[in-house]
Amino acid sequence: MSMMTLYTNPQSRGRVVRWMLEEIGQPYDVKVMTFGGDIKSPEYLKLNPMGKVPTLTHKGTVITEVAAICAYLAEQFPEAGLAPALDSPERGSYHRWLFFVAGPFEMASSAKAYNWEITDEMAQAVGCGHIQDTLNAIEQTLTKQPYLCGDRFTTADLLMASYIGWETMMKVLEPNPVFAQYVERCESREAARRADKLDNALMEKIA
């Protein structure tokens, strides 16, 4: 048994963490949680009171929330090279985009998916502002450089590409050539392909 266990479902954001785990190249176990079943069991709720996936356990530590799990893994396994060094000029941009994905972008994409109106007055208060402003911020950066922090792929890109790819596939986001090229660039990584293959096989197994 490895020191890490991923509690997940292949039809969830757990796929993002699976990709991250494949990137760091460390052994891990997988525990598949069933929606409407053991995901709300008393045992699992002790780990994640939200009754959601993914959850990661590592040497007695419990981490929930996709961005938090991925950031944690990047720091625990720095040899994978998925985060700029503490004294790197890119470190600030790295943190910016990690939180941007988990905050403004996820909020904006949810609002768009469920037709939540964000008026001019609301936009001043909510984290994502107007939805298009959030998308413009991402596109502006990716028009100038291949990755969020410059020329190097980081955990921030793993998160952003995962979310953009999903939201585009679900037709929440309209087709955008800048985003499409970015997602293709990130998802062409061997770790991404391995993770996708593993989760697709898992979906067939539990179907």
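Reading guide: rules and limits
- Residues numbered from 1 in each chain as written.
- Predicted model: local features only at pLDDT ≥ 70, side-chain atom pairs only at ≥ 80, totals over all residues.
- Heavy atoms only, no water.
- Core = buried A, V, L, I, M, F, W, Y, C linked by side-chain atoms within 4.5 Å.
- Buried < 20%, exposed > 50% of the residue type's maximum accessible area, 1.4 Å probe, protein only.
- Helix = DSSP H or I, 4+ residues; strand = E, 2+ residues; numbered from the N terminus.
- Contact = heavy atoms within 4.5 Å.
- Pairing = 2+ DSSP bridges.
- Axes fitted to C-alpha atoms, helices over the stretch in contact; angles between N-to-C directions.
- Phe/Tyr/Trp six-rings, centres within 6.5 Å; stacked < 30°, edge-to-face > 60°.
- Lys NZ or Arg CZ within 6 Å of the ring centre and 35° of its normal.

One finds L73, M160 and Y182 to be the most contacted residues of the largest nonpolar core, which totals 58 residues. Broken down by secondary-structure element, the contributors of at least two residues to this core are β1 (4-8), α1 (14-24), α3 (66-76), α4 (91-113), α6 (131-144), α7 (155-169), α8 (177-187) and α9 (190-206). Not counting residues up to four positions away in its chain, the partners in contact with L73 are M4, M20, L21, I24 and L56. Counting five residues, the second largest nonpolar core, distinct from the first, contains Y7, M33, I39 and Y44.

So, on to the sheet that holds strand β3 (residues 55-58). Strand order in the open sheet formed by four strands is β2-β1-β3-β4, and the pairing between neighbours is mixed. In this open sheet, the two edge strands, each paired with only one partner strand, are β2 (29-32) and β4 (61-64). Here the average twist between neighbouring strands, direction ignored, is 20°. Relative to β2, β1 runs parallel, the two being bridged by four bridges. By the bridge assignment for β2, Y7 is matched with K31. Helix-sheet contacts for α3 involve β1, β3 and β4, and the interaxial angle to β4 is about 130°.

Within the fold, D87 resides in the loop between α3 and α4. The sequence separation of D87 and G36 amounts to 51 residues, and the corresponding C-alpha distance is 45 Å.

With that out of the way, let us pick up the packing of aromatic side chains. Here the structure, examined in full by the defined rule, presents five aromatic pairs. Ring geometry for Y7 against Y44: centres 5.7 Å apart, planes inclined by 40°, an arrangement best described as tilted. Separated by 37 residues along the polypeptide, Y7 in strand β1 and Y44 in helix α2 (residues 42-47) bring together distant segments of the chain. A residue is classified by how much of its surface remains accessible, and Y7, at 18% relative accessible area, is buried. A network of ring pairs unites the aromatic residues W19, Y147 and F153 as a single cluster. A cation over an aromatic ring shows up here: R185 above the ring of Y147, its NZ or CZ 5.7 Å from the ring centre.

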